[in-house]
Amino acid sequence: MAEKRRRLGREDWIAAALVALTRKGVGAVAIEPLAAQLGATKGSAYWHFANRDELLRAALERWEHDETDAVIALVDNVPDAAGRLRTLLTAAFVHTRDNLAVLLAGTGDPILEPVLARVTERRIAYIAKLFEELGLPEQVARRRAVLVYSAYLGNAQLWRTVPAALPSNPGDWQHYVDEVLRAFTP
């Protein structure tokens, strides 16, 4: 008796594309290997997406929403600027291993590069806004935001290449965030 396949939805394909993107980069987002991985036909993908580029765009939109929009919304719920900055740094350095910004940078992919540029600018602008709320002048806040974002990217690179260089328990992570705050806040 033939095994009945579960009907895959758009979200299944997007999730699989994000996993492939995170593990192996933009080249790994291809319909045929994803179909094989999902136990589906290529037709299933083409039911939901016109082509591979549309699937990649959908995966990047999901990443942008989950790793930028949702984080900013979470942080905005904290009542004071210092608490918002601490919450953001904790989310960025401790609770996430968002390596996509590191993995995908510099690929030159025409679909990917504008998304990375937009996400990077949005993140830096948000960090700068938090520094301004702490009383820093706009230019100083922007420079510090770039430095904090650079530290975040370095942290993500360490997760990817040398995770043993990073703290290994929650208490050490809190000290790590404290050090970042001391280094960058007025």
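Residues numbered from 1 in each chain as written. Predicted model: local features only at pLDDT ≥ 70, side-chain atom pairs only at ≥ 80, totals over all residues. Heavy atoms only, no water.

Asker: Help me understand the pattern of salt bridges, please; the structure alone is not making it clear to me.
Answerer: Side-chain pairs of opposite charge can arise where the charged atoms are in close proximity. This structure, assessed with the given rule, holds ten salt bridges. The residue Asp69 makes a salt bridge to Arg122 at a minimum N-O spacing of 2.1 Å. Here Asp69 is found in helix α4 (residues 52–76), whereas its partner Arg122 is found in helix α7 (residues 112–133), with 53 residues between them in sequence. One salt-bridge network, in which partners are shared between bridges, spans Arg84, Lys129 and Glu133. (Salt bridge = Lys/Arg side-chain N within 4 Å of Asp/Glu carboxyl O. Helix = DSSP H or I, 4+ residues; strand = E, 2+ residues; numbered from the N terminus.)

Asker: Just checking my understanding: could you explain helix α2 (residues 31–38) for this structure?
Answerer: Of the residues making up α2, those classed as buried are Ile31, Leu34 and Ala35. With its buried residues spanning 105 degrees around the axis, α2 presents them on a single face. The outward face of α2, more than 90 degrees from its buried face, is lined by the exposed residues Glu32, Ala36 and Gln37. Looking at the buried residues of α2, the elements they touch are α1 (10–24), α3 (42–48) and α4. (Buried < 20%, exposed > 50% of the residue type's maximum accessible area, 1.4 Å probe, protein only. Arc of directions from axis to C-beta. Contact = heavy atoms within 4.5 Å.)

Asker: What's the story with the nonpolar core in this structure? I'm lost.
Answerer: Generally speaking, soluble globular proteins have nonpolar side chains that are buried together. Counting residues in hydrophobic clusters, the biggest one holds 59 residues, and the most contacted among them are Trp13, Trp63 and Phe131. For this core, the element with the highest residue contribution is α7, accounting for ten residues. (Core = buried A, V, L, I, M, F, W, Y, C linked by side-chain atoms within 4.5 Å.)

Asker: Can you help me understand the confidence of the model for the chain in this one?
Answerer: Note: predicted coordinates in regions of low pLDDT should not be interpreted at a detailed level. Taken residue by residue, the chain gives an average pLDDT of 90. The fraction at 70 or more is 91%. Of all the helices and strands in the chain, helix α6 (residues 100–104) carries the lowest mean pLDDT, 69, while α2 carries the highest, 96. (pLDDT = per-residue confidence, 0-100.)

Asker: What is the right way to read the packing of aromatic side chains from this model?
Answerer: Given two aromatic rings, their pairing is described by the distance between the two centres and the angle made by the two planes. Considering all chains together, one arrives at five aromatic pairs under this definition. Plain terms: the ring middles of Phe93 and Tyr176 are 5.7 Å apart, the flat faces sit at 65 degrees to each other, and that makes the pair edge-to-face. Residue Phe93 is located in helix α5 (residues 81–93), and its partner Tyr176 is located in helix α9 (residues 170–184); the two are separated by 83 residues in the primary sequence. Here Tyr149 and Tyr152 contribute two aromatic rings whose centre-to-centre distance is 5.3 Å and whose plane-to-plane angle is 40 degrees, an arrangement assigned as tilted. In this pair, Tyr149 and Tyr152 both sit in helix α8 (residues 138–161), three residues apart, roughly one turn of the helix. Clustering of aromatic rings is evident, with ring pairs tying together Phe93, Tyr149, Tyr152, Trp159, Trp173 and Tyr176. (Phe/Tyr/Trp six-rings, centres within 6.5 Å; stacked < 30°, edge-to-face > 60°.)

Asker: Looking at this model, I keep getting lost on α4. Mind explaining?
Answerer: In an α-helix there are 3.6 residues to a turn, and that puts residues three or four apart on one side. In this model α4 runs 35 Å from its N-terminal to its C-terminal C-alpha over 25 residues, within 8% of the 36 Å that 1.5 Å per residue would give. Along α4, the largest kink reaches about 35 degrees and is centred on His65. Those residues of α4 lying buried are Leu55, Leu56, Ala58, Ala59, Leu60, Trp63, Glu64, Thr68, Val71, Ile72 and Val75. (Expected span 1.5 Å × (residues − 1). Bend = angle between axes of the 7 residues up to and from the residue.)

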